[in-house]
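Chains, contacts and geometry: an overview
Given next are the chains, with one letter for each unit.
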Amino acid sequence: MNDNQLLDIRYIPMIDYAAAWDRQKEIVRGIDRGERPETLLLLQHPPTYTIGSQKHPEHLLLSEEELNARGIRVFQIDRGGDITYHGPGQLVGYPLLYLNPAVLDLHGYLRALEQVIIDWLADYGIEGGRKEAYTGVWVGEEKIAAIGVKFNKARSRRGFITSHGFALNLRAGIGNEGFAGIIPCGIREYGVTSFEDLTEMEMPPERAAREIVPHFCRVFGRSAGPLIEEEADAGHDG
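An account of the accompanying structure is given in this report. (Residues numbered from 1 in each chain as written. Predicted model: local features only at pLDDT ≥ 70, side-chain atom pairs only at ≥ 80, totals over all residues. Heavy atoms only, no water.)

So, about the sheet that holds strand β3 (residues 48–51). Strand order in the open sheet made by the three strands is β4-β3-β5, with mixed pairing throughout. Looking at which strands have only one partner, the edges of the open sheet turn out to be β4 (73–76) and β5 (83–86). Neighbour to neighbour, the strand axes of the sheet diverge by 20° on average, direction disregarded. The pairing of β3 with β5 spans four bridges and is antiparallel. Its bridge partner lying in β5, threonine 50 is registered against threonine 84. (Pairing = 2+ DSSP bridges. Helix = DSSP H or I, 4+ residues; strand = E, 2+ residues; numbered from the N terminus. Axes fitted to C-alpha atoms, helices over the stretch in contact; angles between N-to-C directions.)

Laid out in structure tokens, this is it:
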């Protein structure tokens, strides 16, 4: 990885998925051209289902009428993986980083993202881990963080620029909210949990964002710029 790179770190309390996706693509292009710094976006989305490149629409269990009644948007997107849920009470992280393939393999990037969450959970005495054949972070038999990324091939140099990232469940009951309408990541045999379900402690997403930054920078060999909090952005889902 690129040692000692200063990250532009942003926290957005709420932003529509389409607006955040457009922003990721814009930043990726800027990083590729050398016009923007590497960036870590930390944020929340309104209730949203995203379907990755594995494309299993049958893992969405709700009808269009049910989706409309619950106010849940659905996006077919360009990250890897299956279907997952984003919503309030979940911290979503989008690292937009240049990866030199001579230094870091792509599977290693996924394992590093998992390690960031595992290390943060350990601060609270929670033993997070990995489950063979699955991406993400698990506590026992339940997933607490989903991970799905895209490796954008750089145009101006060898290597890749990452987009998409992780979704860390914080609020109690999130497994019975949006996740109940899907087969998360296509996995039927395991459940979903959250920080509050495990600890009975409330964890505001902004606090989790600030606490995760030092773990992220240590694992990825970056230096943190100031965490800049932006206003919530309704965006435009056009």
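Leu42, Tyr109, Trp120, Leu168 and Phe220 are the most contacted members of the largest nonpolar core, which totals 39 residues. Looking at this core, the elements that each hand over two or more residues are β1 (5–12), β2 (39–43), α3 (106–122), β8 (137–139), β9 (142–153), β10 (160–169) and α5 (205–220). Residue contributions to this core peak at nine residues, all from α3. Setting aside residues up to four positions removed in sequence, tyrosine 109 forms contacts with Pro95, Leu97, Leu99, Leu104, Val149, Phe151, Thr162 and Phe220. One finds Ala20, Val28, Leu43 and Tyr94 within the second-largest nonpolar core, a separate group that totals 21 residues. (Core = buried A, V, L, I, M, F, W, Y, C linked by side-chain atoms within 4.5 Å. Buried < 20%, exposed > 50% of the residue type's maximum accessible area, 1.4 Å probe, protein only. Contact = heavy atoms within 4.5 Å.)

Two elements in contact, α3 and α5, have axes whose closest approach is 9 Å; the angle formed by their N-to-C orientations is 135°. One finds that α3 runs oblique with respect to α5. Considering only the axes of α3 and α5, their crossing is right-handed. Residues Tyr109, Ala112, Leu113, Gln115, Val116, Ile117, Asp119 and Trp120 of α3 lie in contact with α5, whose contacting residues are Ala208, Glu211, Ile212, His215, Phe216, Arg218, Val219 and Phe220. (Parallel < 35°, antiparallel > 145°, perpendicular 65-115°, else oblique. Left-handed = near helix turned anticlockwise from the far one by under 90°.)

In this section: the environment of arginine 130. On the secondary structure map, arginine 130 appears in the loop between α3 and β8. Owing to a relative accessible area of 40%, arginine 130 belongs among the partly exposed residues under this scheme. If sequence neighbours within four positions are ignored, arginine 130 has contacts with Arg111, Glu114, Gln115, Ile118, Gly136 and Trp138. Looking at arginine 130, its side chain comes within polar contact range of the main-chain oxygen of arginine 111, at 2.9 Å. Polar side-chain contacts of arginine 130 include one of 2.6 Å to the side chain of glutamate 114. (Polar contact = N/O pair within 3.5 Å; in protein donor to acceptor, adjacent residues only side chain to side chain.)

With that settled, the discussion passes to helix α1 (residues 17–32). Its 16 residues give α1 an end-to-end C-alpha distance of 23 Å, which sits within 8% of 22 Å, the value for a rise of 1.5 Å per residue. Considered for burial, the residues of α1 that qualify are Tyr17, Ala18, Ala19, Ala20, Trp21, Gln24, Ile27, Val28, Gly30, Ile31 and Asp32. Just past α1, the residue glycine 34 takes up positive phi, approximately 75°. (Expected span 1.5 Å × (residues − 1).)

Inspection of the secondary structure puts proline 226 in strand β12 (residues 222–229). Residue classification places proline 226 among the exposed positions, given a relative accessible area of 62%. Separated by 167 residues in sequence, proline 226 and histidine 59 place their C-alpha atoms 40 Å apart.

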